[in-house]
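Coordinate analysis (summary)
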Amino acid sequence: MDLHVIGPLASPAERAAVDALLGPPESGWRGGQRDARTEGHVARGGHEARSRRDLLIPVLHAIQSRIGWISQPALNYACRRLTVPPAEAYGVASFYALFATTPRPPIVAHVCDDLACALAGAGDVAADLERSVGPAGEPVDGGETTWLRSPCLGLCERAPAMMVTQAGTNPVTFVAGPVDAVGVERRLEPRTGGSTESGPPPIPQRGQPGLRLLARVDVVDPSSLDDYRAQGGFRALARARRIGPQQVIEEVTASGLVGRGGAAFPTGRKWAAVAAQPAEPHYLVCNADESEPGTFKDRVLMEGDPFAVVEAMAIEALAVGATKAYLYIRGEYPLAEARMLGAIAASGEAGLLGDLDIELRRGAGAYICGEETALFESIEGKRGEPRNKPPFPVEVGLFGKPTAINNVETLINVLDIVGSDDGVAAFKAIGTEASAGPKLFCVSGNVGRPGVYEVDFGTTLRELIDLAGGVSGGLTLKAVLLGGAAGVFVGPDALDVPLTFEATRAIGATLGSGVVMIFDETADMVAALTRIARFFRDESCGQCVPCRVGTVRQEELLARLAAGRANGARDDELVLLREIGQAMRDASICGLGQTASSAIESAFRQPQLVAL
Amino acid sequence: MSHDGLSMDRDPAPAPGVPRASEPPGAQPLTDILLRPPARPSRPPAPPPEPERAAVELTIDGVTVTIPAGSTILEACRAQGIDTPTLCYLENLTPVNVCRVCVVEVTGSRVLVPACSRKVEAGMDVKTNSDRVRHSRKMVLEFLGSSVDLSTAPSALGYIERYGADTARYGPADAPSPAGERDRHEAGHHHAPPIDAAQTVEQPVKVDNDLYVRDYSKCILCYKCVEACGEDAQNTFAIAVAGRGFDARISTESAVPLPDSACVYCGNCIGVCPTGALMFKSEHDMRAAGTWDESAQTTTQTICPYCGVGCALDLHVQDNAIVTVTSPLDSSVTDGHLCIKGRFGFQFVQNRGPGPA
Ligand SMILES: Cc1cc2nc3c(=O)[nH]c(=O)nc-3n(C[C@H](O)[C@H](O)[C@H](O)COP(=O)(O)O)c2cc1C
Ligand code: SF4
Ligand code: SF4
Ligand code: SF4
Ligand code: FES
């Protein structure tokens, strides 16, 4: 590669941010002091440097959180240090919403205006902020602060929610909710520390007997390894080591566990496929990107029971033969990130992980990076563009090697399955044949007690909503969004559907990532559909034409309908909407484009839902 | 620039169909063979021939087809004479399968698959002309035609015609973006859509050097230029895709002008661009002046005079002046790629002084 770095030099602060992560540069070649005696014509850092491309996103985080944005000189310095062409690094930096490639004030309030927050009045918060602070993105307070609209922050139980990022030598990231405009403004004051305003975990079932996935959340001390062990922690890993990888895979397969990240793929089958691959090394990735609007279960698990995630990862690593594992967590989860870092470190120091190295990688504001192959690209230091499949990750995954990737909730299920001799039988006794075990649902919107609920597969939608306190304010139910923005709207006629993969599929719906968002009779469905269209338009990676342009055309069409300015007859517009949807579903590379019209089309199939 | 046949027929891997490799070996006089040492190969010896690939049998549009394993569906279709549209595919680049105009239906697959990159499998049942296939192809072309200026992309215009794509039904084109605005879009920052217009990528053409222009109003984001500038040919990595979603664009580092970037002006990106978004400045200026006339152009095949590599050149000549230079994709020396000298160093031909009397 012909690395060609041109332009002004990085400022001392920018260099310090990078050096704090990478250590001081070894040579002038890498951006350090020139020394003619030792360097001459020798280029240092060929192979070794190129192999550090995967540090690009951590380095960009370091610059962003120190300076508040990523200038060209800063980018150039990062490129020298990692031997990455500047144009490519710019392509990466400009892909992620939490990275700014144009000047941005150091303190930013990211105000969620996505579905659940909108139901709780986020629209008013934004309108008030526009009046009191100014338009989104406009620097205020002498260029020190600004506010931005954000897609779902995964704080739906505390809607309307916000996240603050404050750049500097002691960068601060914290979340808060519920907030109004005054609350947002108050939190724009500079802080010196204290990373998170954590509310109580949204577990209305806390302490109930019989909980399996949530048993320890808000019960165990999430920062104490001893407490976790006192409550039975690390026994499953010990048993897994005793019975060996083969038996672990057999048990997970026999349990009928399928993935909880959305695609419902049999977990045991995935592990067996990776374990059988001759190519080495094998990698393990825990997908904690959780960015589907309305989803916050993985956050609750990581915040409340982080050692369980570590233990389950160690079991999976044992099963698939991996000694290197990554936990990829979305960039908007500061508390979960801190707790996971603590749990990984404490488990490692206590010698509980054996030869397993777990590395946490922080996302940077891109829903698409939850898609497994986009996630690999992101860990590798690239734009989060999904790969074409086949080949599948079990063969060609992270760094081109066989990779097992699982969702956080999937992993937590493994602990009980592998934890005892009758774990498989106990797991299979719950739920149905095709949907075995317990399931977490993220209940939000116009509901009495929003939060994460653990129920058996097969519980009906009505029972779940009742468990969550029913529609709030005694209002009637208009619709439920099942599965998130990539899911499907169902009406009150679907209340008796059992929540299983097979039963929801039978009515043309989906469980997706476990989102159950309640819309009452007063909810503005047109606003919700418009927000969903906007979400996909903003989150499309832009790689393939059907999704890149289709999501734009879909949003324009909804804007026309919402404004009462249909292009021709309304029915013609609905035909066009279906035609756009069909092409996105059929011809897009990945699940984002393939489901970008799902919820919107489902709403229009039910005339009583949208009066447009 | 004569080539004597000797050097060429010793080339261990003459590309099939390259006219420059001529002269049957048997035609050499004995004295030549005795007195002249064998010519050295003009490029490194080719690897040993690949073992014969097993044949795979599949069905395409109801017809049973046999093709070597490892072929793509596209290759299988072409072998059958089935004309499959492609925009982001080029023989000498790694398939990126992003345009999705080549999609076909494969029985058992939930979604359509890109013919250009999907390998054939035994027993595959492929449909290239089903309703679903035609619908997706038509929509992809409508999406492109309604958002990108395809006026200098004849193949895309042909496909639009063939699939009956109605690029006007999304409404009139929205106002063009001012210069540089699309380059500054931050990922995730929403811009409310216009109500009565279809958004496009239209923006002023970037003219920042004397050799070539970048008119991203014509860019379909096929990634070809990025591949040619990077791993697949030039290894310069001066351009990459930046931004996200509909705001994604081809960009230099921090969107600086080309002269401030890592670009070495090899022009290989121009050579692969399917839409005319990247264009010789000479062609751009002639088009602006209304003097560009492809029908009045002739092509002269020659070899680049600058260095010892011996790249094959096609000189495109109009009114007795060289207007652009390309290299044949199937040239065993260049694979269609050149450097700045071969690509742009032709002005001297037109600027000769009177010379010695
Ligand atoms: C656009 C998109 C976003 C996704 N986001 C997530 C996510 O945030 N978390 C997750 O676990 N899976 C997500 N997935 C699913 C993953 O690709 C993958 O199927 C999953 O991580 C596999 O783990 P599992 O088998 O345990 O569910 C997403 C898929 C798509 C197409
Ligand atoms: S479907 Fe959308 S998100 Fe997925 S690869 Fe295509 S453009 Fe990217
Ligand atoms: S002219 Fe060559 S170096 Fe410059 S952008 Fe194009 S391919 Fe890259
Ligand atoms: S400039 Fe040309 S080659 Fe590059 S992506 Fe756009 S259309 Fe493709
Ligand atoms: S030619 Fe196959 S996707 Fe573009």
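These notes cover the structure that comes with them. (Residues numbered from 1 in each chain as written. Chains lettered and ligands numbered in written order. Predicted model: local features only at pLDDT ≥ 70, side-chain atom pairs only at ≥ 80, totals over all residues. Heavy atoms only, no water.)

1. Overview of empty space enclosed by the protein
- Within the structure shown, the criterion is met by eight cavities of 30 Å³ or more.
- Reported here for the largest cavity is a volume of approximately 120 Å³.
- Along the wall of the largest cavity there are 15 residues; nearest its centre are R182(B), V201(B), C219(B), L221(B) and A248(B).
- At the level of secondary structure, the elements contributing two or more residues to the lining of the largest cavity comprise α22 (545–562) of chain A together with β8 (249–251) of chain B. (1 Å grid on protein atoms, 1.4 Å probe; cavity = no way out; pocket = protein on both sides within 12 Å on 5 of 7 lines; lining within 4 Å. Points joined across faces, edges and corners; volume = space filled by probe spheres on them. Helix = DSSP H or I, 4+ residues; strand = E, 2+ residues; numbered from the N terminus.)

2. Some words on the site of ligand 2
- Close to ligand 2 lie 13 residues, the nearest being C541(A), Q543(A), C544(A), C547(A) and C590(A).
- Each residue belonging to the shell around ligand 2 can be placed in one class, and the counts come to eight nonpolar, five polar and no charged. (Near = heavy atom within 4 Å. Nonpolar A, V, L, I, M, F, W, Y, C, P; charged D, E, K, R; others polar.)

3. A closer look at the packing of aromatic side chains
Residue and element names in this part refer to chain A.
- Throughout the structure, instances matching the rule amount to 16 aromatic pairs over all chains.
- For the ring pair Y326 and F399, a centre distance of 6.4 Å and an interplane angle of 55 degrees mean the geometry is tilted. Taken together, the positions of Y326 in strand β6 (residues 322–329) and F399 in the loop between α16 (372–379) and β8 (403–407) put the pair 73 residues apart, joining distant regions of the chain.
- Residue F399 is classed as partly exposed on the basis of its relative accessible area, which comes to 32%.
- Taken together, F95, Y96 and F99 form an aromatic cluster joined through their ring pairs.
- Its guanidinium or amino end placed over the ring of F174, R191 lies 3.8 Å from that ring's centre, counting from NZ or CZ. (Phe/Tyr/Trp six-rings, centres within 6.5 Å; stacked < 30°, edge-to-face > 60°. Buried < 20%, exposed > 50% of the residue type's maximum accessible area, 1.4 Å probe, protein only. Lys NZ or Arg CZ within 6 Å of the ring centre and 35° of its normal.)

4. Comments concerning the site of ligand 1
Residues and elements named next belong to chain A.
- Not every one of the 19 residues close to ligand 1 is listed here, only the nearest: G261, N287, N406, N407 and T410.
- With respect to ligand 1, the side chain of N407 contributes an N or O atom lying 2.7 Å from an oxygen atom.
- A distance of 2.7 Å separates an oxygen atom of ligand 1 from a polar atom in the side chain of T410.
- Relative to its unbound accessible surface of 610 Å², ligand 1 loses 89% to contact with the protein.
- Only β8 and α24 (591–595) provide two or more residues apiece to the shell around ligand 1.
- With three residues, β8 is the largest single contributor of residues to the shell around ligand 1.
- Of the residues contributing to the shell around ligand 1, the split by class is four nonpolar, nine polar and six charged. (Polar contact = N/O pair within 3.5 Å; in protein donor to acceptor, adjacent residues only side chain to side chain. Areas by Shrake-Rupley, 256 points an atom, 1.4 Å probe, with all protein chains shown as cover.)

5. Thoughts on the packing of helix α12 (residues 267–275) of chain A against helix α14 (residues 306–320) of chain A
Residues and elements named next belong to chain A.
- Two elements in contact, α12 and α14, have axes separated by 8 Å at closest approach and are oriented at 50 degrees. As the angle between them shows, α12 and α14 are arranged oblique. The residues of α14 that touch α12, namely those facing W271, V274 and A275, are E316, A319 and V320.
- Of the residues contributing to the contact of α12 with α14, the split by class is five nonpolar, no polar and one charged. (Axes fitted to C-alpha atoms, helices over the stretch in contact; angles between N-to-C directions. Parallel < 35°, antiparallel > 145°, perpendicular 65-115°, else oblique. Contact = heavy atoms within 4.5 Å.)

Worth remembering: the numbers are spatial, not functional.
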